[in-house]
Amino acid sequence: DTAVSQTPKYLVTQMGNDKSIKCEQNLGHDTMYWYKQDSKKFLKIMFSYNNKELIINETVPNRFSPKSPDKAHLNLHINSLELGDSAVYFCASSSYLEPNTEAFFGQGTRLTVV
Amino acid sequence: SQQGEEDPQALSIQEGENATMNCSYKTSINNLQWYRQNSGRGLVHLILIRSNEREKHSGRLRVTLDTSKKSSSLLITASRAADTASYFCATDASGGSYIPTFGRGTSLIVHP
């Protein structure tokens, strides 16, 4: 079983559209994250979420919003897509109660805005 | 939040050689982790070193941590072509919420 799974793996869409990327983890973790990796491989944290708090990187436009229907899911919604949103988006999870442990990553979603 | 900065950005070596990558960070940490990313894939955890540790080994991997210099190094001994990947360090900020924060990574190419 895949520990952290994201769908879709590839997403091509036009500017101005609204899209969502889904993420699910079956590790029983209580903290999930979204990262954006640009063409230069820089991996930037976008959101960190557990059942207590949502931490938002202040540089992330408010067109991006995380939605967590339950502890195992953290979906990423993006409104009014722009060309600069093209990147690979990674979901990850870890245990808040065990901060000295690893984060598990999904395989990424390559978003291309045309 | 702070981020780790890996150095060099790119490294090209021959199979059998050792590869050394460095990571620098800015503020106090609880731990530092190294991850590997194969092309087109997600990150995979390699090793974690706590702030009170100076050196840690795992197979062909050796990680050192110097908190006085705010730096860490990852050594891969006897490299193999399969080690070709990008390597990232991740830091947290002690005293705050734990959020793995990454840099740009080191792109390692091991030529067979």
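This report concerns the structure included in the present document. As the structure is a prediction and not an experimental result, all values here were calculated from the model.

Glancing now at unusual backbone geometry. Backbone torsion omega between T7 of chain A and P8 of chain A reads 0 degrees, so that peptide bond is classified as cis. Along the chain, the position of P8 of chain A falls in the loop between β1 (4–7) and β2 (10–13). A cis amide bond, omega 0 degrees, links D7 of chain B with the succeeding residue P8 of chain B. Along the chain, the position of P8 of chain B falls in the loop between β1 (5–7) and β2 (10–14). In this structure, S80 of chain A takes a positive phi of about 45 degrees despite not being glycine.

Let's shift gears to the sheet that holds strand β3 (residues 19–25) of chain A. Residues and elements named next belong to chain A. Spatially, the four strands line up as an open sheet ordered β1-β3-β8-β7, and their pairing is antiparallel. The outermost strands of the open sheet, each flanked by one partner alone, are β1 and β7 (64–67). Shown here is a sheet whose adjacent strand axes are inclined to one another by a mean of 20 degrees, direction ignored. Bridge count for β1 against β3 is four bridges, and the pairing is antiparallel. Each bridged residue has a counterpart across the sheet, and for Q6 the counterpart in β3 is C23.

A separate point is the packing of aromatic side chains. By the definition in use, this model includes nine aromatic pairs over all chains. Ring centres 5.5 Å apart and planes at 75 degrees place the aromatic pair Y35 of chain A and F102 of chain B in the edge-to-face group. Taken as a pair, Y35 of chain A in strand β4 (residues 31–37) and F102 of chain B in strand β10 (residues 101–102) lie in two separate chains rather than in one. Neither Y35 of chain A nor F102 of chain B differs from the other in exposure class; each is buried. Judged by centre distance (5.7 Å) and plane angle (75 degrees), the ring pair of F105 of chain A and F102 of chain B falls under edge-to-face. Note that F105 of chain A is positioned in strand β10 (residues 104–105) and F102 of chain B in strand β10, a pairing that runs across two chains. An aromatic cluster of three or more residues is present, and its members are Y33, Y35, F90 and F105 of chain A together with Y35, F88 and F102 of chain B.

For the rest of this paragraph, the subject is the nonpolar core. The biggest cluster of nonpolar side chains holds 21 residues, and the ones touching the most others in it are M21, L32, W34, L74, I76 and L108 of chain B. Those elements that place two or more of their residues in this core are β2, β3 (19–24), β4 (31–37), β5 (43–50), β7 (61–66), β8 (71–76), β9 (85–91) and β11 (106–111) of chain B. Residues I21, M46, V60 and L81 of chain A belong to the second largest nonpolar core, which totals 19 residues.

All right, on to the interface of chain A and chain B then. Often, the extent of an interface is quoted as the loss of accessible area upon association of its parts. Facing the 20 residues of chain A at the interface are 22 residues of chain B. Buried surface at the junction of chain A and chain B, summed over both partners, amounts to about 2,000 Å²; 52% is from carbon and sulfur atoms. Across the chain A-chain B interface, the total number found is six residue pairs in polar contact (both at pLDDT 80 or more). Elements with a minimum of two residues in the side of chain A that touches chain B: β4 and β5 (43–50) of chain A. Looking at side-chain class alone, the side of chain A that touches chain B contains ten nonpolar, six polar and four charged residues.

It is worth spelling out the pattern of salt bridges at this point. Tallying each qualifying case throughout the model produces six salt bridges over all chains. One network of salt bridges, in which partners are shared, links R63, E82 and D85 of chain A.

Time to look at the state of the cysteines. All names here are of chain A. Considering all chains together, one arrives at two disulfides over all chains under this definition. Each sulfur of the disulfide joining C23 and C91 lies 1.8 Å from the other. Between C23 and C91 the sulfur-sulfur dihedral comes to about -75 degrees; the bridge is accordingly left-handed. Of the two residues, C23 sits in strand β3 while C91 sits in strand β9 (residues 87–94), which places them 68 residues apart along the sequence. The same class applies to C23 as to C91, namely buried.

Residues and elements named next belong to chain B. Residues A19, M21 and C23 of β3 are buried on one face, while the alternating residues T20, N22 and S24, pointing to the opposite face, are not. In terms of strand pairing, β1 meets β3 through three bridges, oriented antiparallel. Residue pairing across strands places E6 opposite C23, the latter belonging to β3. Pairing analysis gives six bridges linking β3 to β8, with the strands arranged antiparallel. Residue A19 lies in a different strand from β8, and its bridge partner there is I76.

The rules behind the values
- Residues numbered from 1 in each chain as written.
- Chains lettered and ligands numbered in written order.
- Predicted model: local features only at pLDDT ≥ 70, side-chain atom pairs only at ≥ 80, totals over all residues.
- Heavy atoms only, no water.
- Helix = DSSP H or I, 4+ residues; strand = E, 2+ residues; numbered from the N terminus.
- Pairing = 2+ DSSP bridges.
- Axes fitted to C-alpha atoms, helices over the stretch in contact; angles between N-to-C directions.
- Phe/Tyr/Trp six-rings, centres within 6.5 Å; stacked < 30°, edge-to-face > 60°.
- Buried < 20%, exposed > 50% of the residue type's maximum accessible area, 1.4 Å probe, protein only.
- Core = buried A, V, L, I, M, F, W, Y, C linked by side-chain atoms within 4.5 Å.
- Contact = heavy atoms within 4.5 Å.
- Buried area = accessible area lost by both parts, 1.4 Å probe.
- Polar contact = N/O pair within 3.5 Å; in protein donor to acceptor, adjacent residues only side chain to side chain.
- Nonpolar A, V, L, I, M, F, W, Y, C, P; charged D, E, K, R; others polar.
- Salt bridge = Lys/Arg side-chain N within 4 Å of Asp/Glu carboxyl O.
- Disulfide = S-S within 2.5 Å.

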